[in-house]
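Residue strings, one per chain:
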Protein chains: 2
Amino acid sequence: MLSQKAKYAMRALLYLAQAQPENPVFISEIADQQSVPKKFLELILLDLKRHGLVHSYRGKKGGYALAKTPDQIYFGQVIRIIDGPLAQLPCASRTAYRRCDDCENEQTCEIRQVMLQVRDSTARILDNTSLADVMVKGTAELVEGAGI
Amino acid sequence: MLSQKAKYAMRALLYLAQAQPENPVFISEIADQQSVPKKFLELILLDLKRHGLVHSYRGKKGGYALAKTPDQIYFGQVIRIIDGPLAQLPCASRTAYRRCDDCENEQTCEIRQVMLQVRDSTARILDNTSLADVMVKGTAELVEGAGI
DNA sequence: CATTAACTCTAGTAAATAAGTAGGATATCA
DNA sequence: TGATATCCTACTTATTTACTAGAGTTAATG
């Protein structure tokens, strides 16, 4: 399951994507408009900032703005930052591979075989769908629109 | 993430799939061979039984056996029984749809759009890959072999 | 130049979930 | 009827999730 935190992150990013990058938006504005707990959102935006997705400005006229254009921010990256690897098993992750502690033989593991397929098809979607892809377009041809 | 419980369930089913259905297997044998905590495995098999995936026999010569042939048991069903819906969001599930509590407008929700795509591509794999599909075959052509 | 209002950062906390354990009840076979 | 298997309810312990609190830092402004 996607965490609440990841949903908040996506909502915040989509909100920032609608704003002008030259006018940073207050955390409190995003929190109010998207009904996200403000203090929680602070932590989330900080995390997104550390990973280079947003810029922040301190002081009285501070706020947040996207660090890239909406077509350069992919859902896969956001989810990895907030929730960790896309794969359902550590041993099926390609960006954060880890052995399963209790796995006898990874080469022949039937579960891993299946979950690798799932992780790949998931990543194919999430790493090719940007904020821009879902902002204007309807639900049709989303994946094709992402260049697959 | 796939729960440990779901992994145990799959391992147990794959183990039963290798056995003759006319000779039920003791929980203790599966637990030993697959290194699954026995009492925990009891609960898991009971759950799989209630959902019709396995048969059980009580008393001294009791044990468990598959209730279907391995080509009729799909990973999707196993995961749904043990871990719940495949979708990453309640509102993106097709077998167990539920509204997200904090969603303003489901029709226009960008996050849902994306997660619906992910859930569909995941289900396409998991609901078309059976125990039999991974038992003999190698890793190549897994999905094609499942009839996609 | 002090005040105000924004972001930054470290902790802490309550509730839910995950991963088991314990132990008795029930069924079957020899 | 005793041994040994599954069945079932309840409990426990650790981790994770979803926040909250509060002090610190930075920058505009009157």
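Reading the values: rules and limits
- Residues numbered from 1 in each chain as written.
- Chains lettered and ligands numbered in written order.
- Predicted model: local features only at pLDDT ≥ 70, side-chain atom pairs only at ≥ 80, totals over all residues.
- Heavy atoms only, no water.
- Helix = DSSP H or I, 4+ residues; strand = E, 2+ residues; numbered from the N terminus.
- Buried < 20%, exposed > 50% of the residue type's maximum accessible area, 1.4 Å probe, protein only.
- Contact = heavy atoms within 4.5 Å.
- Lys, Arg positive; Asp, Glu negative; His and termini not counted.
- Charge placed at Lys NZ, Arg CZ, Asp CG, Glu CD.
- Least-squares fit on C-alpha atoms with pLDDT ≥ 70 in both.
- Phe/Tyr/Trp six-rings, centres within 6.5 Å; stacked < 30°, edge-to-face > 60°.
- 1 Å grid on protein atoms, 1.4 Å probe; cavity = no way out; pocket = protein on both sides within 12 Å on 5 of 7 lines; lining within 4 Å.
- Points joined across faces, edges and corners; volume = space filled by probe spheres on them.
- Salt bridge = Lys/Arg side-chain N within 4 Å of Asp/Glu carboxyl O.
- Near = heavy atom within 4 Å.
- Polar contact = N/O pair within 3.5 Å; in protein donor to acceptor, adjacent residues only side chain to side chain.
- Axes fitted to C-alpha atoms, helices over the stretch in contact; angles between N-to-C directions.
- Parallel < 35°, antiparallel > 145°, perpendicular 65-115°, else oblique.
- Left-handed = near helix turned anticlockwise from the far one by under 90°.
- Nonpolar A, V, L, I, M, F, W, Y, C, P; charged D, E, K, R; others polar.
- Buried area = accessible area lost by both parts, 1.4 Å probe.

As annotated in an unreviewed UniProt entry, chain A carries the name Rrf2 family transcriptional regulator and is attributed to Dongia sedimenti.

Asker: I keep staring at the overall build of chain A and nothing clicks. Help me out?
Answerer: Broken down by element type, chain A carries 7 helices and 2 strands. Taken from N to C terminus, the helices and strands of chain A fall in the order α-α-α-β-β-α-α-α-α. By its C-alpha atoms, chain A is 60 × 35 × 25 Å across when sized along the principal axes. Taking all 148 residues of chain A together, the buried fraction comes to 50%. Within chain A, counting contacts between residues at least 6 apart in sequence, those at least 24 apart form 57% of the total. For chain A, the distance from the average site of its 19 positive side-chain charges to the average site of its 17 negative ones is 8 Å.

Asker: Would you explain the relation of the copies chain A and chain B in this entry?
Answerer: Two copies of a chain can be linked by a rotation about an axis combined with a shift along that same axis. Note on the copies: chain A fits chain B at an RMSD of 0.0 Å, the axial shift is 0.0 Å, and the rotation between them is 180 degrees. Each copy turns onto its partner about a two-fold axis.

Asker: Just to check I follow, could you spell out the packing of aromatic side chains for this structure?
Answerer: The geometry of two aromatic rings is summed up by the distance between their centres and the angle between their planes. All names here are of chain A. Taken as a whole, this structure holds 2 aromatic pairs over all chains when the rule is applied. Centroid distance Tyr8 to Phe40: 5.9 Å. Interplanar angle 85 degrees. Geometry classified as edge-to-face. Of this pair, Tyr8 sits in helix 1 (residues 4-18) while Phe40 sits in helix 3 (residues 38-50), placing them 32 residues apart in sequence. Exposure remark for Phe40: the relative accessible area of 30% places this residue in the partly exposed category.

Asker: Sorry if this is basic, but what is going on with empty space enclosed by the protein here?
Answerer: Empty pockets left among the atoms are what a rolling probe the size of a water molecule brings to light. What the rule picks out here adds up to 1 cavity of 30 Å³ or more. The computed volume of the largest cavity comes to approximately 70 Å³. Residue assignment for the lining of the largest cavity shows that the elements contributing at least two residues are helix 5 (110-126) of chain A together with helix 5 (110-126) of chain B. In terms of residue count, the dominant contributor to the lining of the largest cavity is helix 5 of chain A (3 residues).

Asker: Help me understand the pattern of salt bridges in this model?
Answerer: Pairs can form between side chains of opposite charge once their charged atoms are near each other. Residue and element names in this part refer to chain A. Applying the stated criterion across every chain yields a total of 14 salt bridges over all chains. Between Arg119 and Asp120 there is a salt bridge; the shortest N-O distance is 3.2 Å. Classification of Asp120 by relative accessible area gives partly exposed; the value is 21%.

Asker: Looking at this structure, I do not really get the protein's contact with DNA strand D. What am I missing?
Answerer: A:Lys39, B:Ile27, B:Lys49, B:Ser56 and B:Tyr64 are the nearest of the 27 residues found near DNA strand D. Each atom of DNA strand D within 4 Å of the protein belongs either to a base or to sugar and phosphate, the latter forming 68%. A:Gly59 is positioned such that a nitrogen or oxygen atom in its backbone is 3.5 Å from a base oxygen of DNA strand D. Within the side chain of B:Arg58, one N or O atom sits 3.4 Å away from a base oxygen of DNA strand D. When contributions to the surface near DNA strand D are tallied by element, the ones reaching two or more residues are helix 1 and helix 3 of chain A together with helix 3 (38-50), strand 1 (54-57) and strand 2 (63-66) of chain B.

Asker: Looking at this structure, how should I read the packing of helix 5 of chain A against helix 5 of chain B?
Answerer: Axis angle and axis distance: for two packed helices, these are the angle between their axes and the distance between the axes, and together they describe the pair. Where helix 5 of chain A meets helix 5 of chain B, the axes come as close as 9 Å, and the angle between the chain directions of the two elements is 155 degrees. Here helix 5 of chain A is positioned roughly antiparallel relative to helix 5 of chain B, judged by the angle of their axes. Considering the relative orientation of helix 5 of chain A and helix 5 of chain B, their crossing is right-handed. Residue-level contacts link A:Val114, A:Met115, A:Gln117, A:Val118, A:Ser121, A:Thr122, A:Ile125 and A:Leu126 of helix 5 of chain A to B:Val114, B:Met115, B:Gln117, B:Val118, B:Ser121, B:Thr122, B:Ile125 and B:Leu126 of helix 5 of chain B. Classifying every residue of the contact of helix 5 of chain A with helix 5 of chain B gives 10 nonpolar, 6 polar and no charged.

Asker: For this particular structure, what's the right way to read the interface of chain A and chain B?
Answerer: How big an interface is tends to be reported as the loss of accessible area on association of its parts. Facing 34 residues of chain A, the contacting portion of chain B comprises 33 residues. Of the roughly 3,200 Å² buried where chain A meets chain B, counting both sides, 64% is carbon and sulfur surface. In this structure, the connection of chain A to chain B is made through 4 salt bridges. Salt-bridge contacts for B:Lys7 lead to A:Asp102; the nearest nitrogen and oxygen are separated by 3.8 Å. Across the contact surface, chain A and chain B share 9 residue pairs in polar contact (both at pLDDT 80 or more). Listed by contribution, the elements that provide at least two residues to the side of chain A that touches chain B are helix 1, helix 4 (75-83), helix 5 and helix 7 (142-145) of chain A. Sort the elements by how many residues they give to the side of chain A that touches chain B and helix 5 of chain A lands first, with 11 residues. In terms of residue class, the side of chain A that touches chain B is built from 20 nonpolar, 9 polar and 5 charged.

Asker: Got a minute to help me understand the side chain of B:Ser121 in this structure?
Answerer: With respect to the helices and strands, B:Ser121 occurs in helix 5. Judged by its relative accessible area of 8%, B:Ser121 is buried. Within the local environment of B:Ser121, its side chain forms a polar contact with the backbone oxygen of B:Val118, the two atoms lying 3.3 Å apart. Excluding its chain neighbours within four sequence positions, the residues that come into contact with B:Ser121 are A:Ser121, A:Thr122 and A:Ile125.

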